[in-house]
Amino acid sequence: MKQSLRLGQVAGIPVGVHWSVLVIAALIAASLGGGVLPGAAPGQVPGLYWTIAVATSVLFLASLLAHELAHALVARWRAVPVQSITLWLFGGVTQMQGEARTPRNELEISVVGPLTSLAVAGLAFVMAAFMPGPRLVLSALMWLALMNLLLGVFNMLPGAPLDGGRVLHAVLWWRTRDRARADRAAARAGQGLGLLLVGLGMAEVLFTSWAGGLWLMIIGWFLAGAAGTEMAARSAREGLGGVRIRDVMTPLPDLAPAWLDVEEFVSGVASRSHQSVFPVVAFGGEPIGYVNLEALAAVPPSQRGSTRLDRLARPLPPDRILGPDDDAATLLERPTMGPMVALVIEGGHVAGMVTAQDLSRMVRLALLRRAS
Ligand SMILES: [Zn+2]
């Protein structure tokens, strides 16, 4: 998931929010300020309700973050590198590079998130029930307790990609010693669970309130879709066993020398080449990024003689610079965007590139290989 807004780092882990998190924050504040709080503690001025509603909504997002941080810290402790945490419409996502090494580690990493939510729920409940204070604040705390309880319980439902699905996976993996089989079972459980939620949501729309039911349907639909995607990615990974980057890359691609201008490059290399994307290299052959035909076409004709390619070059993040003997399956672990998926470097020079087409061909072949 792309982070739209970086909030900063917590314990060295980049934390960000996707714009869609504003939708939940606004929905929560609206429902608290417009109904829940005035109902629970009547007789206050509207401004006060809204202030507490917004503060509670922020605290709720902070408790989502605590849930994700728990996953991230335990993952790091168990030697699974953590890339980032992002909050979005359906809660939080902790992006990890790689997977747990043992069923036990997977169990620890996945169960600690819901446990954190339950702990936050318990803390908020104790504060709301036993602390002295204005009724309005105590009601807000009680609401936080209830939401975190729901969050903890919902996430323990046994279907991937929910935490409960990972727990199920860990247990099956441990019992059967067959990771691939556990993968399929957990993903299938996720699809079943998603469809069940869609069905429950429909029933709720028909018989009680349309708003809650619609939300349930959306969550169920999302869950079933995510479980399906996960299943496809895992199947592809299985089919990719033993395949190297050099087997899937476009070898020795035509290069775009950084010092050429657009006009020279288009009339020369780009016109003869079959590629639509080119690695941009400096004078010594070292790569500085890539450029595609679209970026070249975006330069107005009057400026093509004076625009050098290095000004157009889009850099690739360090984790997209690979060696020819790296595992091809690593390409599936990172979300890809754009025409250039990876540059392949050997001895400081470009030995190949993996384009979006190379990647999609690789996945299709892997699935074919697995099916045969
Ligand atoms: Zn979680």
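What you are looking at is a predicted structure, and each value in this text was computed from that prediction instead of being measured.

**Q** Any chance you could break down the packing of helix 6 (residues 179-207) against helix 7 (residues 210-239) for me, citing the residues and the numbers?
**A** The geometry of helix 6 relative to helix 7 is characterised by a closest axis approach of 7 Å and an angle of 160 degrees between their N-to-C directions. Classified by the angle their axes make, helix 6 and helix 7 are roughly antiparallel. Judged by the twist between their axes, the crossing of helix 6 over helix 7 is left-handed. Among the residues making up the contact of helix 6 with helix 7, the classes are represented as 19 nonpolar, eight polar and six charged.

**Q** Kindly report on the domain arrangement of the protein, identifying the contributing residues and their values.
**A** Looking at the protein, the domain boundaries give domain 1 (5-239) and domain 2 (245-371). Across the contact, eight residues belong to domain 1 and eight residues belong to domain 2. Looking at the side of domain 1 that touches domain 2, its residues break down into two nonpolar, four polar and two charged.

**Q** I'd love a proper account of the packing of helix 2 (residues 46-77) against helix 3 (residues 103-130), names of residues and values included.
**A** Helix 3 packs onto helix 2 with a crossing angle of 150 degrees between their chain directions and a minimal axis gap of 8 Å. Considered as vectors, helix 2 and helix 3 are oriented roughly antiparallel to each other. Both helix 2 and helix 3 take part in a crossing whose hand is right-handed. Residues S63, A66, H67, E68, A70, H71, V74 and A75 of helix 2 lie in contact with helix 3, whose contacting residues are E108, I109, V112, G113, T116, S117 and V120.

The rules behind each value
Within any chain, residue numbers begin from 1 and follow the written order of that chain's sequence. Local features in a predicted model are, by the rule used here, given only for residues with pLDDT of at least 70; side-chain atom pairs are given and counted only at 80 or more, and totals for whole chains, interfaces and linings are based on all residues. Each axis is a line fitted through C-alpha atoms, and for a helix only the stretch in contact is used; angles between axes span 0 to 180 degrees, taken between their N-to-C directions. Put simply, DSSP marks the helices as runs of H or I at least four residues long and the strands as runs of E at least two long, and each gets a number from the N terminus on. Roughly parallel covers angles under 35 degrees, roughly antiparallel covers those over 145, roughly perpendicular covers 65 to 115, and oblique covers all other angles. Here a crossing is taken to be left-handed if its near helix is turned anticlockwise relative to the far helix by less than a right angle, and right-handed if that turn runs clockwise. Amino acids outside the nonpolar list (Ala, Val, Leu, Ile, Met, Phe, Trp, Tyr, Cys, Pro) and the charged list (Asp, Glu, Lys, Arg) are all regarded as polar, and Gly is one of them. Note: domain ranges come from an automatic or database domain assignment. What counts as a contact is two residues whose backbone-derived C-beta atoms lie within 7 Å of each other.

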